[in-house]
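If you want the building blocks of each chain, they are given just below.
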Amino acid sequence: MKQLTLKYLSFLLGIAILTACEDVINPGLESAAPVYAVDAWITNSQQAQVVKLMRTQPYFDNSLPPGVSGANVRITDNQGITYSFVEGANAGEYIWTPAGNESFGEIGRQYTLTITINGETLTSTTEMNPVPPVDSITFNKQLGNQFIDDIYFAEFWATDLLPVGDAYWIKTYKNGVLLNKPSDINLAYDAAFSRGGGFTGVTFIAPVRTSVNPFDEDEDGAILSPYVVGDSLYVEVNSLSEQAFDFLTEVVIQTDRPGGFGELFSTPLANVPSNLRNTNPSGTKVVGFFNVAAVAGNGRKFKSLEEISRVF
Amino acid sequence: MNKAYLIFLFCLLFSLKLSAEEKVTINGYVKDASNGEALIGATIYVRTLGVGATTNVYGFYSLTLPNGTYDIEFTYIGYAKQVINQVLNSNLRLDVEMIPQGEQLKEVVISAEKEQSLVQSVEMGVNKLDIKTITKIPAFLGEVDVIRSLQQLPGVSSVGEGASGFNVRGGSVGQNLILLDEASVYNSSHLLGFFSVFNPDAVKDTKLYKAAIPAQYGGRLASLLDVRMKEGNNKTFEANGGVGTIFSRLSLEAPIVKDKGSFIVAGRRSYIDVLAKPFVDILQDGAKLNFYDLTGKANYNINEKNRIFLSGYFGRDVFFFDGDQGFSWGNKTGTLRYNKIFSDRLFANFSAIFSEYDYSLQFGEDDRDYFRWKSSISNYTFKPSFSYFVNSNNEVSFGAETTYYEFEPANATAASNGVARPLRLDTKYNVENAFYISNDQKIGEVLTVQYGIRYSSFFSLGPGKKITYNDTIPGARRRPVSEVEVRSGDVISQYNNWEPRLSMKAQLSNNISLKAGYNRMVQYLHLISNTTASNPLDVWTPSSDNIKPEIGDQYTVGYFQSFGKNDNYEFSAETYFRQTDNQIDYIDGANLLINEYLEGELLTGKGRAYGLELYLQKKEGRFNGWVAYTLGKTELQVEGINNGEWYATRYDQRHNLKVTGFYEINKRLSASANFTFVSGTPATFPTSRYVVQGILIPYNANESRNNVRLPAFHRLDFSLRLDGKTVKSNGKQRKNTDYWVFGLYNVYARKNPFSIYFTQGDKRVPVGSAINSEARQIAIIGTIVPSVSYNFHF
């Protein structure tokens, strides 16, 4: 919410006076020993599930994150079921492959991730929360003005679950490709953006429903229509734990930097909290996150302009 | 501590006892003869006795002398000195009107007080900027600005261009008490920090207290900015105005009843939207982009002993993309004052004050889907204050202040697909009371002491909730564990504090003095802001059972000297040390907006700030100006941040150098320039990176806060003022005057860094491939900015 309003505010300021200028620079940074980084986002979709164990890199090291081989990785639930992850072809990628139509886990159960590596144990516990179905997807038209041409944008329709306290990550695939910029991370807490709204059990609010649109620019800086006839999109809602919602909220704050005047309102750089810990408090630190999501999705192809349901 | 109070009372009694001698008192108002404006800080001096007084903020003075015949001198810089020979054998009312000296190659700079200069005044850490000086400092986009001008003074800074507010001696933006005719101004900025809310046409006097804040004032730790409005010309109609790059301004002043009452109305509005409207469709479709303010004041002399003033301010910033989406924010203040002279030696003022700051924000598509949010803080204050002029050596001030606050953190409605839900946080009700007494006492030829005490108390009142939070590891969010409803009028929490104030001066010679001061300040309202610069959506929140009041103790010592012909140069060196308790900082990822459990996001700790301020001023001559240098450090220690170690605040600046110069080329043309050098402010940089779900996340493995410095900031500004001809072609004096100001801001177009941020770039990276990271440096104003404005007076 705050991010959004400040984004608008800085946009207004930009047009109000002048544009701030930005330069890419190469400052020297403090050095630090690497620590473990875990990327463990498990879903109940009928696919292989991956847990990645890596090491942090120096900030300006632009290579692929170094994987850590030779770990023992498993997830157990509170009913005693164990899912074993086996290291795949890429170092540091540990994979659980479902048998047949099997999918990972069951809504409502608790899951504990345990990674043992070089005599150290990294662990975390979470719960798989429920997810509402995505009822439908519609397309709308926004009439242009002298600055922007007509654009077409999508809206997905789903209703938040009762009671208060559900959190979701809405992922969008455009033409089969995941939208994966920091600004593409769309979160909902109940039907709105943040805790404490009491906005539960209703249709997701409009900014959430329309968060599935990539607002990209062409080379001249003009805004491209998020979707044009012939495009398709798939909306996938992932349920989150409360901690995962906080984690991703903080990821957005730290990575979706507005630049320009928006920097007036940015918060200081801070470490994103992790829900993993080393059982030995004086052992190697660990960052990253473990979440087990239930997913629900729906897709639609934008076949013709006849499909426009609303015009703004 | 109790011992100190006993000594204080003893001193007070001692001073009262002295007054028992037989003496006579002269008193009255000192005013400007051309427009009837009261002169603040004018000096009344009896040379043969070596005693004197200065006028207070209403232009009133009172001086008690033995019977006799005296030459009484009235002086005020920029005005012709008046000497009145007077036989005094009974109390006398003596109102004086002083005549301004005409245009000369000599200009008023910084201190309005010449006879009572910084060297001789007991005040320390005080800077006065008179409006004539403010109008001469080169201004951003040519718009004369009170708060930006203050930043040319030692000890005053900001986190960067465009940042709201200002920082004083290592205090945060929310630690300044900003008063406009005694009413609190909660957000002093238009368009973030580019302009301040004070219309220079309506401002008479600006005084910034960085230390030794009088006992009459309290409520903020770092400073007091006391802005007094003009009363309005009570002799004749007067208009001032201008057309600038951003604002158009107009002010009108006129007598209500000649010599008895007058008013001033002054307005400003930005007009870029008006000019752009024919060309920009969205402005025709309901988009708005403007800011404006209206300032007004009226006064009336009921009779010799009674006078009333009514003043008010109303200003707003409005930004709307279309009819349904946008923001707006603004302040409103109102002050009703009643001056009463009870006796020759007892002056009283009663003020009833209202102030409100509010913002609203809305977005949405239509009546089925929208979000509309309002938030406000308002207060009502009653403040009786008395000055008792005991004798020529003692002036006792005492009074009280009671303020009722209402905080509305969020009153919102959101609708989704036709279902509307209110989203409202409880209103908070608070009362702040204070009593104060202080004395200005001259002890012998050398020593002058100002000592006082303020007793303040702060109550949180029901209806409301008393919330208990769990304890957790430092730096993590605290969750509520229990809530108890408190009934209307019941006390939820209460704090009481003694706030001693002390300032003393030793006049070592006519032009050298040493000063020292101590004050304790207590702050019950907290500005909640974790962004680099404060912004209009920041909320104020009161102390409660979970947030303790911030307490600050400042110690300061200074050396003051004037020298040169006619004491034309003034030098001062001041050092300060301030220690604070219960300073607020925030957990990482704090959610500060529309959060019922806001208090769980806050951390508190200790602060310390210390520094040295050097100031050299040349006050007169065709070439004049000043150099201000501050060496400072300000740090916080908060459990849960920076491994519990001390860390520099975002507004910590080691070196801060300001040079301001004015040069009068000829009668019509004058030039001014200012140069600023500020060492880089701290920032937090990452050491490492990692990837989760295809997103590159920066990581500071050392968990340090503000571990690096941005490059230094420096900038030169220049302006040229061309006055219109003062005589007509037929040789007669023109009644109207006008002038042009041409300005260049950031003359050598330096891209001064405001911040550096770290990002993975704007492009989408194919899943599974390496992600580039980069650092980007932002300059808010990275180019030279020219400006022109035209100003008139008639």
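Residues numbered from 1 in each chain as written. Chains lettered and ligands numbered in written order. Predicted model: local features only at pLDDT ≥ 70, side-chain atom pairs only at ≥ 80, totals over all residues.

Undergrad: So, the domain arrangement of chain B: which residues are in play, and what are the values?
TA: All names here are of chain B. Split into domains, chain B comes out as domain 1 (18-98), domain 2 (126-227) and domain 3 (228-752 + 780-793). Using only C-alpha atoms to locate each centre, domain 2 and domain 3 end up separated by 6 Å. With 58 residues of domain 2 in contact, the opposing surface of domain 3 contributes 106 residues. Counting only elements with at least two residues in the side of domain 2 that touches domain 3, the list comes to β13 (183-184), β16 (203-209) and β17 (223-229). It is β16 that provides the largest number of residues to the side of domain 2 that touches domain 3, a total of three residues. Among the residues forming the side of domain 2 that touches domain 3, the class breakdown is 26 nonpolar, 21 polar and 11 charged. (Domains from an automatic or database assignment. Contact = placed C-beta atoms within 7 Å. Helix = DSSP H or I, 4+ residues; strand = E, 2+ residues; numbered from the N terminus. Nonpolar A, V, L, I, M, F, W, Y, C, P; charged D, E, K, R; others polar.)

Undergrad: How would you sum up the domain arrangement of chain A? Please name residues and give values.
TA: Residue and element names in this part refer to chain A. Each assigned domain of chain A is listed here: domain 1 (2-13 + 130-267 + 295-311) and domain 2 (36-129 + 268-293). The C-alpha centroid of domain 2 is placed 27 Å from the C-alpha centroid of domain 1. Taken together, the 15 residues of domain 1 in the interface contact 16 residues of domain 2. Counting residues per element, the ones that place at least two in the side of domain 1 that touches domain 2 are β15 (232-240) and α3 (242-255). The biggest single contributor to the side of domain 1 that touches domain 2 is α3, with seven residues.

Undergrad: Tell me about the interface of chain A and chain B, residues and numbers included.
TA: Taken residue by residue, the interface counts 79 residues in chain A and 76 residues in chain B. When contributions to the side of chain A that touches chain B are tallied by element, the ones reaching two or more residues are α1 (2-16), β1 (21-25), β2 (36-43), β4 (57-58), α3 and β17 (286-293) of chain A. Looking at which element gives the most residues to the side of chain A that touches chain B, the answer is α3 of chain A, with seven residues. Taken together, the residues that form the side of chain A that touches chain B break down as 45 nonpolar, 24 polar and 10 charged. As defined by bridge partners, β1 of chain A adjoins strand β50 (residues 774-779) of chain B across five bridges and the pair is classed as antiparallel. In the sheet register, V24 of chain A faces β50 of chain B, and the bridge partner there is R776 of chain B. (Pairing = 2+ DSSP bridges.)

Undergrad: So what about the confidence of the model for chain B? Which residues, and what values?
TA: Low pLDDT marks regions whose predicted coordinates should not be analysed in detail. Overall, the prediction assigns chain B a mean pLDDT of 87, with 93% of residues at 70 or greater. Confidence drops under a pLDDT of 50 for residues 103-116 of chain B, and excluding neighbours within four residues, the segment shows 39 contacts in the predicted structure. (pLDDT = per-residue confidence, 0-100.)

Undergrad: Residues and numbers for the pairing of strand β9 (residues 120-127) of chain A, please.
TA: Residues and elements named next belong to chain A. Where strand β8 (residues 110-117) lies against β9, eight bridges are found, and the strand directions are antiparallel. Paired with Q110 across the strands is E127, a residue of β9. Counting the residues between successive antiparallel strands, the hairpin from β8 to β9 contains two residues, one of them, N118, with a positive phi of roughly 50°. Pairing between β9 and strand β16 (residues 277-278): two bridges, direction antiparallel.

Undergrad: Give a detailed account of the sheet that holds strand β12 (residues 176-180) of chain B, specifying residues and quantitative values.
TA: The strands making up a sheet associate through backbone hydrogen bonding, with each pair oriented either parallel or antiparallel. All names here are of chain B. Spatially, five strands are ordered β9-β16-β17-β12-β13 in an open sheet, and the strand pairing comes out mixed. Each end of this open sheet is capped by a strand with a single partner; those strands are β9 (126-130) and β13. When β12 meets β13, the two strands line up antiparallel, connected through two bridges. Paired with L180 across the two strands is A183, which belongs to β13.

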